[in-house]
Amino acid sequence: MQVRPPTPTELSAVAELHTAAAEAGGRRAYDESTTAAWAKRGERGPDDYPVDDPASHFVVAVTDRVCGFSEVVPDAGEVRAVYVHPARARRGVEPALLAHVEGSARARGVESLSLQSPLNPLGRYETAGYESDAAEATRGGSQVVTRRHALQRAVRARGPTH
């Protein structure tokens, strides 16, 4: 699996994946109307993704096709998206995406990140080191949980000193 910036031709697949992941995830935690509002079936397109925004770092995970995407905004200390196609769930895509965007943020001097997640990740973010705050409502009325994670600095191995 590669985690890298998307090519322009992959952005339609990102939009389709976004909808599929939101529908699958939403069904586990929300009612039908909330899930539909989150998924935005037929409303997403290639222009919805900030691939040319210098304030954002947007990447895709690719095997034989796009299987996930993530976005981090280092100056805001915020992971804005982590989505994995339901057919690729629990196969290491999400941890690979998180590690990549965390590394990108760390390289820019970010010391901690936050993200808002739906109610259904079942401990995945806690496993990655994110601590949960209380659930809160978004502008659209969906319940989400804000999670925070202190980024560890890379430790450089030192050779023997004489």
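Position numbers for residues start from 1 in each chain and track the written sequence from start to end. Given that this is a predicted model, residues contribute local features only at a pLDDT of at least 70 and side-chain atom pairs are listed and counted only at 80 or more, while totals for whole chains, interfaces and linings are drawn from all residues. Calculation of side-chain values draws on the structure's entire complement of heavy atoms; hydrogens and water are dropped beforehand.

Tell me about the pattern of salt bridges, and please be specific about residues and values.
It is possible for side chains bearing opposite charge to pair when their charged atoms get close. Any carboxyl oxygen of Asp or Glu within 4 Å of a side-chain nitrogen of Lys or Arg constitutes a salt bridge here. Scanning all chains against the criterion turns up four salt bridges. Between Arg41 and Glu23 there is a salt bridge, with its nearest N and O atoms 2.7 Å apart. Placement of Arg41 in the loop between helix H2 (32-39) and strand S2 (57-62) and of Glu23 in helix H1 (residues 11-27) is noted, with a sequence separation of 18 residues between them. For every residue, the accessible area obtained with a 1.4 Å probe (protein chains only) is divided by the maximum for its type, and the residue is called buried under 20%, exposed over 50%, and partly exposed between those limits. In this structure Arg41 comes out as exposed when scored by relative accessible area, which is 57%. Overall, the relative accessible area of 14% leaves Glu23 in the buried class. As a salt-bridge pair, Arg65 and Asp64 come within 3.6 Å of each other at their nearest N and O atoms. Strands are runs of DSSP state E lasting at least 2 residues, helices are runs of H or I lasting at least 4, and numbering of each runs from the N terminus.

For the environment of Arg106, give the residues involved together with the corresponding values.
Looking at where Arg106 falls in the secondary structure, it is placed in helix H3 (residues 93-107). When its relative accessible area of 25% is taken as the criterion, Arg106 is described as partly exposed. Along the backbone, Arg106 and Pro74 are 32 residues apart, and their C-alpha atoms lie at a distance of 8.4 Å.

Outline the packing of aromatic side chains, listing residues and values.
Stacked, tilted and edge-to-face are the three classes assigned to paired rings of Phe, Tyr and Trp, where Trp is represented by its six-membered ring and a pair needs centres within 6.5 Å; plane angles under 30 degrees give stacked, over 60 edge-to-face, the rest tilted. Counted by the stated rule, this structure contains four aromatic pairs. Judged by centre distance (5.6 Å) and plane angle (75°), the rings of Tyr49 and Phe69 are edge-to-face. Taken together, the residues span a long stretch of sequence, with Tyr49 in the loop between H2 and S2 and Phe69 in strand S3 (residues 66-73) at a distance of 20 residues. A residue is classified by how much of its surface remains accessible, and Tyr49, at 8% relative accessible area, is buried. With a relative accessible area of 1%, Phe69 lands in the buried category. Each ring, one from Phe69 and one from Tyr83, has its centre 5.2 Å from the other, and the planes form 15°; the classification is stacked. Linking Phe69 in strand S3 with Tyr83 in strand S4 (residues 78-84), this pair joins segments that are 14 residues apart in sequence. Taken together, the aromatic side chains of Tyr49, Phe58, Phe69 and Tyr83 make up a single cluster linked through ring pairs.

Could you give an account of the layout of surface pockets, with specific residues and numbers?
Lining residues are those with an atom within 4 Å of a point, where the points come from a 1 Å grid over the protein atoms alone and group into cavities, where a 1.4 Å probe fits but cannot get out, or pockets, open sets with protein on both sides within 12 Å along at least five of seven lines. Grid points are joined across faces, edges and corners, and a volume is the space filled by probe spheres set on the points. Estimates place the volume of the second largest pocket at around 150 Å³. Forming the boundary of the second largest pocket are Ala13, Glu16, Leu17, Arg65, Val66, Cys67, His85, Ala87 and Arg88. For the lining of the second largest pocket, the secondary-structure elements that each account for two or more residues are H1 and S3. Three categories are distinguished: nonpolar for Ala, Val, Leu, Ile, Met, Phe, Trp, Tyr, Cys and Pro, charged for Asp, Glu, Lys and Arg, and polar for the others, with Gly belonging to the last. Tallied by class, the residues present in the lining of the second largest pocket amount to five nonpolar, one polar and three charged.

Help me get a handle on the confidence of the model for the protein, residues and values and all.
pLDDT expresses how confident the predictor is about each individual residue, on a scale running from 0 to 100. Residues of the protein with pLDDT of at least 70 account for 85%, and the chain-wide mean is 83. Mean pLDDT across the elements of the protein bottoms out in strand S7 (residues 143-150) (69) and peaks in strand S1 (residues 2-4) (94).

Would you mind going over unusual backbone geometry in detail, with residue names and values included?
The backbone of Lys40 shows a phi angle near 50°, a positive value even though the residue is not glycine. Structurally, Lys40 is set in the loop between H2 and S2. With relative accessibility at 38%, the residue Lys40 sits in the partly exposed group. For Arg90, which is not a glycine, the phi torsion comes out positive at approximately 60°. Tracing the backbone through its elements, the reader meets Arg90 in the loop between S4 and H3.

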